[in-house]
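Single-letter residue listing:
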2 protein chains.
Amino acid sequence: MRAPMSQSPVIILVRPQMGENIGAAARAMLNFGLTELRLVAPRDGWPNPKAVAMASGAAGRVLDRARVFDTLDAALEGVSLSFATTARGRELTKPVYTPASAAAVARGAEAGRAAFVFGPERAGLENDDIARASAIITVPVNPEFPSLNLAQAVLLVGYEWGQGRLPPEPAPTLRRPPGEIAADGVEIAHLADHYEQKLTEAGYFFPETKAANMRLNLRNLWSRMALTRADVQVFHGMLRQLTRRPRVDP
Amino acid sequence: MRAPMSQSPVIILVRPQMGENIGAAARAMLNFGLTELRLVAPRDGWPNPKAVAMASGAAGRVLDRARVFDTLDAALEGVSLSFATTARGRELTKPVYTPASAAAVARGAEAGRAAFVFGPERAGLENDDIARASAIITVPVNPEFPSLNLAQAVLLVGYEWGQGRLPPEPAPTLRRPPGEIAADGVEIAHLADHYEQKLTEAGYFFPETKAANMRLNLRNLWSRMALTRADVQVFHGMLRQLTRRPRVDP
């Protein structure tokens with residue numbers, strides 16, 4: 001039977017070495033609602049107390065339910081679409097996905113149950129493992145510093161899986177006239193300080209019990225407005241004008 | 001002056017506690033090409049040997065160049081668009097972005113120099129910090145298990161920044177007829193074993209020096225084809241037919 005679409009992907013760790021990393025991977029999974037972990041020949045056997053120490057609470061239950069297999073072939077039970085995460089494997093003819101496009105394919109109606117497969121910490125997946133997968137995932141990282149660890153790789157793949165299940169987000173926009181020079185944080189802080197000082201002198205922050213919150217909201221307002229450098233000068237000018245000593249009229 | 005678009009965002013860690021986490025954040029940054037780190041009042045002072053131990057090599061140079069400030073206001077020097085990463089802060093009126101939409105806005109022409117601001121490990125950013133930012137980033141995580149640590153939050157924001165700088169990816173597709181039941185990994189492995197056995201008997205894997213690679217490529221081929229369960233039976237049937245003992249014709 002083809003798996004129903006509500007089934008989340010399986011995470012398969014092939015020959016993981018450190019128990020701590022298995023625990024950290026379980027935590028990374030659960031951050032994005034992934035709960036089915038399969039282990040292929042974990043180096044230090046199973047269960048592993050160091051994994052448990054790293055993943056307490058709800059993530060500990062992911063470990064409790066983890067299944068252990070002798071081979072990757074066996075661990076692919078019920079999986080019809082498997083992605084091998086690797087920076088190598090280019091010598092094998094195989095479609096190469098990013099985490100984002102792999103997650104999109106895994107969500108596709110024709111995919112069946114999907115698995116994301118991760119190799120041992122030090123060496124990664126071997127070609128013999130990669131050859132058993134439907135496709136490859138490569139995380140686009142800085143080629144001069146590709147240092148993702150096992151749990152980070154699981155985190156990014158889980159994140160992309162979780163992302164695509166959210167309703168599309170209406171893009172919020174910051175309001176600022178085009179072509180204007182944006183004020184920087186220091187200029188905004190000076191403006192906020194200027195107003196706060198003058199308003200304090202004017203007795204604005206009253207009653208005392210609400211003053212802290214009034215200050216906070218005002219600080220927030222200045223930061224939120226996406227002011228230009230010219231705007232900041234306008235606000236300073238208005239304040240100076242409003243607070244200058246009144247001339248004595250005849 | 002508005003920053004040119006090639007400038008990468010700044011990462012600001014506010015009151016970070018553990019040196020190890022500062023080092024891990026530097027590594028996470030560099031994975032996606034982010035190199036400018038600013039620290040606001042790090043708990044254990046600066047430089048911090050534990051940070052250095054965690055981030056050797058190229059990531060160590062990110063730490064070497066890190067600048068330290070007394071306040072978040074000061075650390076926002078030259079920054080005109082700042083995102084406070086927090087799961088809270090909803091009591092402040094402020095646009096709320098995901099890492100993906102924040103990265104898109106940060107890349108926008110009118111944005112100027114952007115900064116992503118992260119709070120202390122335990123408590124996260126305070127409202128006084130959030131009030132100083134242009135907007136909020138909230139990472140969409142499993143509400144029942146939101147356990148991202150500091151370096152993981154930096155990793156996801158850096159990842160999204162890096163993502164958007166890649167050329168658009170042509171979506172590779174797996175070929176499988178619609179409505180068919182996908183074969184699972186165990187069925188594919190049996191099929192591969194069946195062929196490998198019969199081909200071995202037939203002397204196919206020759207010469208010996210190339211045999212291992214021929215086996216690997218064949219294994220890869222079976223996994224790549226996105227076979228249906230019916231396809232698998234067809235391949236088994238062909239093989240059986242091809243390898244049955246010849247009848248002695250009269």
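Numbering of residues begins from 1 in every chain and follows the order in which that chain's sequence is written. The naming scheme follows written order: chains are lettered A onward, ligands numbered 1 onward. A pLDDT threshold of at least 70 governs which residues receive local features in this predicted model, and a stricter bar of 80 or more applies before side-chain atom pairs are shown or counted, although totals over entire chains, interfaces and linings include all residues. Note that the side-chain values use all heavy atoms of the structure and ignore hydrogens as well as water.

Things to note about the interface of chain A and chain B
Then comes step 1: Throughout, a residue-residue contact means that at least one pair of heavy atoms, one from each residue, lies within 4.5 Å. Across the contact, 73 residues belong to chain A and 73 residues belong to chain B.
Then comes step 2: Of the roughly 6100 Å² buried at the junction of chain A and chain B (both faces included), carbon and sulfur atoms supply 57%.
Then comes step 3: Think of a salt bridge as a Lys or Arg side-chain nitrogen and an Asp or Glu carboxyl oxygen that are within 4 Å of each other. Linking chain A to chain B there are 2 salt bridges.
Then comes step 4: With a shortest N-O distance of 3.9 Å, Asp73(A) and Arg219(B) are connected by a salt bridge.
Then comes step 5: As used in this structure description, the phrase polar contact means that two N or O atoms lie within 3.5 Å; if the pair is within protein, one of them must be able to donate a hydrogen and the other to accept it, and residues adjacent in sequence are counted only when both atoms belong to side chains. Taken together, the links from chain A to chain B amount to 20 residue pairs in polar contact (both at pLDDT 80 or more).
Then comes step 6: For the side of chain A that touches chain B, the per-class residue count stands at 38 nonpolar, 19 polar and 16 charged. By convention, the term buried area covers the 1.4 Å-probe accessible surface removed from two parts as they join, with the contributions of both added. Classes in brief: Ala, Val, Leu, Ile, Met, Phe, Trp, Tyr, Cys and Pro nonpolar; Asp, Glu, Lys and Arg charged; the others, Gly included, polar.

A closer look at the sheet that holds strand S4 (residues 81-85) of chain A
Residue and element names in this part refer to chain A.
Then comes step 1: Pairing between two strands is assigned when DSSP locates at least 2 bridges connecting them. Where helices and strands are cited, they refer to DSSP runs of H or I of at least four residues and of E of at least two residues respectively, numbered from the N terminus. Spatially, S3-S2-S1-S6-S4-S7-S5 is the arrangement adopted by the 7 strands of the open sheet, whose pairing is parallel. The outermost strands of the open sheet, each flanked by one partner alone, are strand S3 (67-69) and strand S5 (96-97).
Then comes step 2: With 3 bridges joining them, strand S2 (residues 37-40) and S3 adopt parallel strand pairing. Across the sheet, residue Val40 finds its bridge partner in S3, namely Phe69.
Then comes step 3: Only the stretch in contact is used when a helix axis is fitted, and all axes are lines through C-alpha atoms; the angle between N-to-C directions ranges over 0 to 180 degrees. Along the sheet, helix H5 (residues 99-107) contacts S4, S5, strand S6 (114-118) and strand S7 (135-137); its crossing angle with S4, the most-contacted strand, is approximately 170°.
Then comes step 4: Of the strands in this sheet, strand S1 (10-14), S4, S6 and S7 touch helix H7 (residues 150-164), which is tilted by about 155° from S6.

Remarks on the pairing of S6(A)
Residue and element names in this part refer to chain A.
Then comes step 1: Most of S6 is tucked away, with 5 of its 5 residues classed as buried.
Then comes step 2: With 4 bridges joining them, S1 and S6 adopt parallel strand pairing. Bridging across to S6, Val10 finds its partner in Ala115.
Then comes step 3: In this structure, S4 lies alongside S6, joined through 4 bridges in parallel fashion. Of the residues in S6, the one forming a bridge with Ala84 is Val117. Each residue is assigned to one of three classes by its accessible area relative to the maximum for its type, calculated with a 1.4 Å probe on protein chains only: buried under 20%, partly exposed between the two thresholds, exposed over 50%.

Some thoughts on the sheet that holds strand S5 (residues 96-97) of chain B
Residues and elements named next belong to chain B.
Then comes step 1: Pairing in this open sheet of 7 strands is parallel, and the strands run S3-S2-S1-S6-S4-S7-S5 from one edge to the other. The sheet is open, and its two borders are formed by strand S3 (67-69) and S5, each paired with just one other strand.
Then comes step 2: Its contacts with the sheet put helix H5 (residues 99-107) on strand S4 (81-85), S5, strand S6 (114-118) and strand S7 (135-137), and the angle it makes with S4 is roughly 170°.

A closer look at the environment of Thr85(B)
Residue and element names in this part refer to chain B.
Then comes step 1: Within the fold, Thr85 resides in strand S4.
Then comes step 2: Relative accessible area serves as the criterion here: at 14%, Thr85 is assigned to the buried category.
Then comes step 3: The residues touching Thr85, leaving out its near neighbours within four places in the chain, are Val117, Phe118, Leu125, Ile137 and Val157.
Then comes step 4: Separated by 2.8 Å, the side chain of Thr85 and the backbone oxygen of Val117 make a polar contact.

Points about the packing of aromatic side chains
Then comes step 1: Here a Phe, Tyr or Trp ring, Trp counted by its six-membered ring, pairs with any other such ring whose centre lies within 6.5 Å, and the pair is stacked when the planes are under 30 degrees apart, edge-to-face when over 60, and tilted otherwise. This structure, assessed with the given rule, holds 15 aromatic pairs over all chains.
Then comes step 2: When the NZ atom of lysine or the CZ atom of arginine is within 6 Å of a ring's centre and also within 35 degrees of its normal, the charge is said to sit over that ring. Sitting over the face of the ring of Phe205(A), Arg215(A) holds its NZ or CZ atom 4.3 Å from the ring centroid.

Overview of the relation of the copies chain A and chain B
Then comes step 1: To line up the copies, we fit them by least squares on C-alpha atoms, keeping just the residues with pLDDT of at least 70 in both. Superposition of chain A onto chain B requires a rotation of 180° combined with a translation of 0.0 Å along the rotation axis, giving an RMSD of 0.0 Å. With respect to symmetry, the two chain copies, as superposed, fit the operation of a two-fold axis.
Then comes step 2: Interface overlap between copies: 100% of the residues of chain A at the interface are likewise at the interface in chain B, consistent with a symmetric, same-surface contact.

Digging into empty space enclosed by the protein
Then comes step 1: In this analysis a 1.4 Å probe is tested at points of a 1 Å grid over the protein atoms alone, and where it fits but cannot get out there is a cavity; an open set with protein on both sides within 12 Å along at least five of seven lines is a pocket; lining residues have an atom within 4 Å of a point. Grid points are joined across faces, edges and corners, and a volume is the space filled by probe spheres set on the points. Applying the stated rule across the entire model yields 4 cavities of 30 Å³ or more.
Then comes step 2: In this structure, the largest cavity encloses a volume near 190 Å³.
Then comes step 3: Lining the largest cavity are 23 residues, with Gly185(A), Ile188(A), Ser223(A), Arg132(B) and Ser134(B) positioned closest to its centre.
Then comes step 4: Residue lining of the second largest cavity: 21 residues in total, with Arg132(A), Ser134(A), Gly185(B), Ile188(B) and Ser223(B) positioned closest to the centre.
Then comes step 5: When contributions to the lining of the second largest cavity are tallied by element, the ones reaching two or more residues are S4 of chain A together with helix H8 (185-201) and helix H9 (208-224) of chain B.
Then comes step 6: Here the element with the most residues in the lining of the second largest cavity is H8(B); it accounts for 4 residues.
Then comes step 7: Taken together, the residues of the lining of the second largest cavity sort by class into 11 nonpolar, 5 polar and 5 charged.

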